Amino acid sequence: VLDAGLKLQSRELGGFLEQNVPTYSNPRPIFETTYLDESIRISRDQDGKIFVYGKASDSMEPSDYSGVDADLGLLGLLEGFNDAITKFYL
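Keep in mind that this is a model prediction, so the values were computed, not measured.

For the rest of this paragraph, the subject is a nonpolar patch on the surface. Judged by side-chain polarity, Leu 72, Leu 74, Leu 75, Leu 77 and Leu 78 come together as a nonpolar surface patch covering roughly 610 Å² of accessible area. Taking relative accessible area as the criterion, Leu 74 reaches 53% and is therefore assigned exposed.

The following block contains the structure:
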């Protein structure tokens, strides 16, 4: 459905709510970098979850992922379901 162009207009909805509901304010996520050097970045979100990013390349050119299918973990989920429940093998 989302690939067909369906979008939730959340910014417009949030703006409308802020203008019309006195007690509402749009959430402002926090994402702070707590450590940074030439090869690693460590960041935390508003819930305290830690994200560690490692530098994979010195290239400054953006990567083109247009030919790569999205991996939402769906195949792994289906494989696990098959292995645990249906046990159907080709």
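Mapped onto the elements of the fold, Phe 51 is located in strand 3 (residues 50–54). With 18 residues separating them in the primary sequence, Phe 51 and Thr 33 have C-alpha atoms 9.1 Å apart. Those residues in contact with Phe 51, other than ones at most four positions away along the chain, are Phe 31, Arg 41, Ile 42, Ser 43 and Asp 45.

Applying the stated criterion across every chain yields a total of 1 aromatic pair. Ring geometry for Phe 31 versus Phe 51: centroids 5.5 Å apart, planes at 55 degrees, classification tilted. With Phe 31 in strand 1 (residues 31–36) and Phe 51 in strand 3, this residue pair connects regions lying 20 residues apart in the sequence. For Phe 31, a relative accessible area of 47% gives the class partly exposed. Cation over ring: Arg 41 sits above Tyr 53, and NZ or CZ is 4.8 Å from the ring centre.

In this section: the sheet that holds strand 3. Ordered by their spatial adjacency, 3 strands build an open sheet running 1-2-3, and the pairing between neighbours is antiparallel. Pairing within the sheet leaves two strands with one partner each, and these edge strands are strand 1 and strand 3. Ignoring which end each strand starts from, the neighbouring axes of this sheet average 25 degrees apart.

The rules behind these values
Residues numbered from 1 in each chain as written. Predicted model: local features only at pLDDT ≥ 70, side-chain atom pairs only at ≥ 80, totals over all residues. Heavy atoms only, no water. Patch = residues over 30% accessible without salt bridge, like charges linked within 9 Å, V, L, I, M, F, W, Y side chains within 5 Å. Areas by Shrake-Rupley, 256 points an atom, 1.4 Å probe, with all protein chains shown as cover. Salt bridge = Lys/Arg side-chain N within 4 Å of Asp/Glu carboxyl O. Buried < 20%, exposed > 50% of the residue type's maximum accessible area, 1.4 Å probe, protein only. Helix = DSSP H or I, 4+ residues; strand = E, 2+ residues; numbered from the N terminus. Contact = heavy atoms within 4.5 Å. Phe/Tyr/Trp six-rings, centres within 6.5 Å; stacked < 30°, edge-to-face > 60°. Lys NZ or Arg CZ within 6 Å of the ring centre and 35° of its normal. Pairing = 2+ DSSP bridges. Axes fitted to C-alpha atoms, helices over the stretch in contact; angles between N-to-C directions.

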